[in-house]
Amino acid sequence: SIPAGADPLIPVIAAMTSKTLLVFAICGIIAAITSTADSLLSAISSNIVQDFGKFLPLDKQKIFMSRTVSLITGCCALIASFFIAGDIIFVLENSYRISVICLVVPTVIAYFTQKLHAWSAWTSIACGVVGFIGATIFIKSPILKDVIPLVCSFIGYFIAHFTMLHKSKCFEPSN
């Protein structure tokens, strides 16, 4: 019998094969999980070093700094795993939801506008994150959990954009 909510792979292998094959299967599964985790950790650490390399002392100690970033990233992921409830599909869904909510407004506006300000995009991202956190905590409707952060991101972009336009007009020399 398979316990409720459990994955049936291990009990089926245990019932259909010998103990030796069961141990090999478990070792294979652990190796696959470890290899995937190692690959993801390396990719994340590489992105961090490439994105924030100008802020890190990479002159003479590149390998040491890469290892340090990998260690810190792995420790943060391990600590975060104790606070995240749900299965991996839920975590992946929410990670994509955050990036879409934060980046869709500045990206779409960047395609259709020529006067762009980085401050407007960063404000949009910050407002999207705040809206996402607020909607996750206080809103029960699944549709509103996506719409409210997008609206916050949109409002944040335009408030920052019009503030930047107003500042640039104030500092223009008059003729």
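If you're wondering where the values come from, they're calculated on a predicted model, not measured in any experiment. (Residues numbered from 1 in each chain as written. Predicted model: local features only at pLDDT ≥ 70, side-chain atom pairs only at ≥ 80, totals over all residues. Heavy atoms only, no water.)

Chemist: I'm lost on a nonpolar patch on the surface in this one. Help?
Modeler: Together, Ile-143, Leu-144, Val-147, Val-151, Phe-154, Ile-155 and Ile-159 make up an exposed nonpolar region whose accessible area comes to about 630 Å². Mapping Val-147 onto the fold places it in helix H6 (residues 142–170). Assessed through its relative accessible area of 37%, Val-147 is described here as partly exposed. (Patch = residues over 30% accessible without salt bridge, like charges linked within 9 Å, V, L, I, M, F, W, Y side chains within 5 Å. Areas by Shrake-Rupley, 256 points an atom, 1.4 Å probe, with all protein chains shown as cover. Salt bridge = Lys/Arg side-chain N within 4 Å of Asp/Glu carboxyl O. Helix = DSSP H or I, 4+ residues; strand = E, 2+ residues; numbered from the N terminus. Buried < 20%, exposed > 50% of the residue type's maximum accessible area, 1.4 Å probe, protein only.)

Chemist: How should helix H3 (residues 62–81) be read in this particular structure?
Modeler: Given 3.6 residues per turn, any residue in an α-helix points the same way as the ones three and four places further on. Compared with the 28 Å implied by 1.5 Å per residue over 20 residues, the 28 Å span of H3 between its first and last C-alpha is a close match. For H3, every residue scored as buried is listed here: Met-65, Val-69 and Thr-73. On an axial view of H3, the arc spanned by its buried residues comes to 65 degrees, and they lie on one face. With respect to the buried face of H3, the exposed residues turned more than 90 degrees away are Ile-63, Phe-64, Arg-67, Leu-71, Leu-78 and Ile-79. (Expected span 1.5 Å × (residues − 1). Arc of directions from axis to C-beta.)

Chemist: I tried to follow the packing of helix H2 (residues 19–51) against H3 on my own but got confused; where do I start?
Modeler: For any two helices packed against each other, one specifies the inter-axial angle together with the distance between the axes. Across the interface, H2 lies against H3 with an axial gap of 9 Å and an inter-helix angle of 120 degrees. Taken together, H2 and H3 sit at an angle that is classed as oblique. Note that H2 runs across H3; the crossing there is right-handed. Between H2, through Leu-41, Ile-44, Ser-45, Ile-48 and Val-49, and H3, the contact on the second element is made entirely by Val-69, Ser-70, Thr-73 and Gly-74. (Axes fitted to C-alpha atoms, helices over the stretch in contact; angles between N-to-C directions. Parallel < 35°, antiparallel > 145°, perpendicular 65-115°, else oblique. Left-handed = near helix turned anticlockwise from the far one by under 90°. Contact = heavy atoms within 4.5 Å.)

Chemist: Quick question: what am I supposed to make of the side chain of Ser-45 here?
Modeler: Tracing the backbone through its elements, the reader meets Ser-45 in helix H2. The exposure class of Ser-45 is buried, given its relative accessible area of 4%.

Chemist: Looking at this structure, I do not really get the environment of Ile-13. What am I missing?
Modeler: Inspection of the secondary structure assignment puts Ile-13 in helix H1 (residues 9–16). For the pair Ile-13 and Ala-25, spaced 12 residues apart in the sequence, the C-alpha separation amounts to 7.9 Å. Not counting residues within four places of it along the chain, the set of residues in contact with Ile-13 comprises Leu-22 and Ala-25.

Chemist: Mind showing me how you'd approach the pattern of salt bridges here?
Modeler: Close approach of charged atoms allows side chains with opposite charge to pair. Tallying each qualifying case throughout the model produces two salt bridges. Among the salt bridges present, the one from Glu-93 reaches Arg-97, with a minimum N-O distance of 3.0 Å. Here Glu-93 and its partner Arg-97 are both found in helix H4 (residues 88–112), four residues apart, which amounts to about one turn of the helix. As a salt-bridge pair, Arg-97 and Asp-146 come within 2.7 Å of each other at their nearest N and O atoms. Of the two residues, Arg-97 sits in helix H4 while Asp-146 sits in helix H6, which places them 49 residues apart along the sequence. Each of the salt bridges in this network shares a partner with another, and the network as a whole consists of Glu-93, Arg-97 and Asp-146.

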